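Okay, here's what each chain looks like letter by letter:
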Amino acid sequence: MNLYHDIDDIKVEYHPSSGRPTKVYHFEDYGCGPGAPTVVPKADPTPWQPFCTCIDFEVAELAHKAGLSHEQLDWLIQLIHCSRSELHFMKEEVVVPFRGIDQTFLLFHHLLWDWATDLLQDPQVGPHFIFDAQRLSKFNGEKFIWFIHEPWTANAYWEYQLKIPPDAKPLAFILYANKAKLSLFGRVKGYPVIARCANFPTAVRNGKGLGGGHIVKEDKNHSGKPTFVNFKNVVWHASFLKILACLVSLLNFGSAIKYWDDVIHILYPIVLTLFADYEEQVVMALIRGLIGKFPCPICLVPRNELSNTLIVYPLHTSTDTKALLARARESTTFGVREQILSSQSLCDVDSSFGVLEHTNVHRALSHDKLHFNDEGLFSDHKWPELQKWAAVQIDSFFQLISHWRNLNHFDQVISVSSSDGMKYEDISKFNMYVSLEVHTEDTIKNGRETLSKLTELMDKYIEDTAEILEKSWNFPKKHLSAHVFDDIEVKGSNEKMHGPLKDAYQDHTNFKNFAEQVKYIHDKLDHLDTQNFSMSNSEDQPDTALQETNEVDLMEPTDAQHFSLGSKQVVMSFADIEADSAGNPVFDRFRIKLNNFMNHVFAANSIPFPVNFESLTDTGVIFGKLMLIFTCTVGDVQYPVMLILLYDQLVGVHSQKDKDFQFWHIKRKPRASAEFFSVHSIVRGCVIVEDASRPDEFLVVDTVDTDMFLQMKDICSQ
């Protein structure tokens with residue numbers, strides 16, 4: 001044990017520009033310190049409550065003096081809200097010529113900078129901003145292990161803060177831009193741009209700036225031709241330039257903003273991260289995609305080497321792209337210009353990101369696990385292969401899996417053909433390392449090794465099936481996984497950016513002129529978000545959760561526990577329990593075993609109860625089935641206890657298949673051997689599936705979620 005640090009201590013190295021020294025926090029203190037969102041002051045910033053907003057109060061006051069009826073007052077408030085919402089989005093025309101004729105497209109968007117400064121000046125939201133980059137590490141007993149989660153803990157944010165004046169702060173944007181299928185059959189498409197502020201912690205990162213509405217319909221007479229491809233690229237970047245225009249004037253000297261607490265700081269904007277599907281990333285990077293020699297928007301991998309993810313190729317950079325484009329435009333002939341551009345598969349179009357001095361678009365482009373893996377590599381390529389070779393076995397195994405919260409259940413999974421990427425994610429569980437919300441240098445290392453092993457196995461499969469299958473595995477979405485862990489180191493964990501536009505289209509429009517309708521709907525949602533956020537932070541609001549708790553008599557989690565007990569059933573005596581369970585070996589000797597358990601716990605811990613059962617045994621983590629949960633009252637204290645059927649009987653020798661696939665077998669003990677435990681000893685719930693080839697043995701499903709994945713990694717390593 002290190003004399004100076006405890007296990008799990010957190011070291012925070014603040015950016016040099018912050019002027020703050022490196023500090024080590026005990027794990028239990030870290031959540032209350034600079035690593036956590038700033039607590040909103042207790043002073044009530046909304047004195048107009050119980051009215052939802054200040055305007056509601058002022059209008060109510062006016063209506064009272066004017067003697068309006070309730071119906072007239074509601075109507076007036078709705079009209080005022082609508083008029084305020086109309087100001088949120090700007091409507092602009094994007095005009096681009098094609099073959100001598102001007103083509104006009106509509107764009108609806110927020111001003112990014114105005115939206116961000118509104119958040120900074122909001123007393124409910126502003127305190128949650130984090131501006132200084134941090135490098136975090138956790139002590140494992142021997143050394144500090146680097147870890148990352150939020151954008152400001154990753155490399156790109158740190159590097160950008162070095163490029164701006166020491167007294168300034170970065171204001172970083174995450175932008176998601178993707179063609180979205182809005183209708184169920186994919187005939188109606190939207191082109192949203194959703195903005196999030198990277199300075200927010202994940203739990204608070206709820207700002208959604210919606211821009212979009214430019215739809216470039218392909219004419220079959222031009223589709224695929226270079227002139228039309230360039231035209232679509234010009235339209236996209238001309239539209240995006242209008243979204244970015246408000247940031248351009250701030251790049252050299254920043255902008256002085258008065259925060260919610262009346263303190264003025266200088267902020268410099270940066271587009272830190274871009275999320276999009278491959279087709280949109282091609283447009284953002286202004287490369288030629290599959291028709292070019294180098295189809296990857298991030299690196300210069302040759303088109304015929306896309307299936308190989310083990311070789312590292314030179315990276316695209318915005319600096320090189322600008323230089324190459326300038327050299328091509330200096331040439332006097334089309335042939336020479338085309339030769340220069342095709343050497344890196346570039347399009348002869350000005351990039352909207354060129355106005356952002358410190359944004360390297362190729363580095364900002366990020367791995368979209370939903371589009372690249374679930375809706376791409378797996379759904380379009382790996383899943384059809386599995387359907388060919390193991391249809392019957394796959395269906396039978398999936399039927400054995402229990403229903404589980406937040407997990408799609410499939411009785412006939414082999415017939416699934418869906419446009420919902422979340423279903424494919426639950427089928428494949430392909431993204432376990434990528435989906436981690438917190439990454440350490442160890443998880444990134446393990447992720448790289450796992451990807452390497454997967455690539456080797458895929459290469460073997462491709463080689464073995466080359467003569468019987470006419471399938472090419474040489475496509476971009478197989479290659480793009482090569483960049484995923486570099487991406488995490490640079491920008492932090494993956495984001496989830498899907499859903500709002502499609503929901504608005506399907507649920508709230510008449511399917512005509514949907515761009516303006518969705519704009520109006522999103523304005524209303526933004527307004528409601530502001531109200532809800534304000535109300536959720538108010539101390540004057542009634543505590544409905546507490547009221548409900550008192551009604552059903554729940555046992556809610558406290559600082560000392562990580563569970564909650566639901567509503568109580570009718571009080572039962574031990575005799576009643578034994579009578580109702582007669583013939584069930586689990587409840588044999590119920591009172592005797594419970595008495596022995598309670599005496600052992602009380603004696604071993606000298607009270608006060610509760611106690612973590614792990615302190616009474618050296619067997620470590622135990623798997624078991626919950627048979628009964630109840631509270632025992634001793635004196636005036638209630639002790640939560642559970643009866644568990646243990647699954648800790650020794651299993652046989654692990655097969656080579658189990659070792660290869662890292663399966664973890666457990667075996668059920670006889671039912672009469674059920675034991676009592678404190679509810680406090682529960683670590684978490686898990687899913688197990690019976691192994692049909694080994695009676696009374698079960699496989700632990702380690703891919704239910706990322707926490708279970710890491711828990712099982714730890715158990716297997718021991």
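Each chain carries its own residue numbering, running from 1 in the direction its sequence is written. Owing to the predicted nature of the model, reporting of local features is limited to residues with pLDDT of at least 70; listing and counting of side-chain atom pairs is limited to 80 or more, with chain, interface and lining totals taken over all residues. To get the side-chain values, take all heavy atoms of the structure and skip hydrogens and water.

Backbone geometry at D8 places phi at a positive 80°, although glycine is not the residue there. Along the chain, D8 falls in the segment before β1 (10-14). Here a helix means four or more residues in a row that DSSP labels H or I, a strand means two or more in a row labelled E, and each is numbered from the N terminus.

A word on the pattern of salt bridges. Side chains that differ in sign of charge can pair as their charged atoms come close. One side-chain nitrogen of Lys or Arg within 4 Å of one carboxyl oxygen of Asp or Glu is enough to make a salt bridge. Evaluation of the coordinates by the stated rule reveals 24 salt bridges. As a salt-bridge pair, D132 and K169 come within 2.8 Å of each other at their nearest N and O atoms. One end of the pair, D132, is in the loop between α4 (112-120) and β5 (134-139); the other, K169, is in strand β7 (residues 168-177), with 37 residues separating them in the sequence. Each residue is placed in one exposure class: buried if its accessible area under a 1.4 Å probe, protein chains only, is under 20% of its type's maximum, exposed if it is over 50%, and partly exposed if it falls in between. Judged by its relative accessible area of 12%, K169 falls in the buried class. For the salt bridge of E338 with R288, the shortest nitrogen-to-oxygen distance reads 2.4 Å. Taken together, the positions of E338 in helix α9 (residues 334-342) and R288 in the loop between α7 (278-285) and α8 (318-330) put the pair 50 residues apart, joining distant regions of the chain. Overlapping salt bridges bring together R329, R337, D348 and D350 as one network.

A few words on the sheet that holds strand β19 (residues 688-690). Between any two strands, at least two bridges found by DSSP are needed for them to pair. A sheet is described by the order of its strands in space; here 3 strands give the open sequence β17-β20-β19, paired in antiparallel fashion. The open sheet has two edge strands, β17 (665-667) and β19, and neither has a second partner. Averaged over neighbouring strand pairs, the angle between their axes works out to 40° when direction is ignored. Helix axes use the C-alpha atoms of the stretch in contact, all axes being lines fitted to C-alpha atoms, and the angles between their N-to-C directions lie in the range 0 to 180 degrees.

Let us now look at the pairing of β7. Regular strands show a simple pattern: their side chains alternate between the two faces of the sheet. Burial analysis of β7 places 10 of its 10 residues in the buried class, which makes it a mostly covered element. Side-chain alternation along β7 places A168, P170, A172, I174 and Y176 on one buried face and K169, L171, F173, L175 and A177 on a second face that is also buried. Where β7 and strand β13 (residues 264-275) come together, 9 bridges link them in parallel fashion. Its bridge partner lying in β13, F173 is registered against V271.

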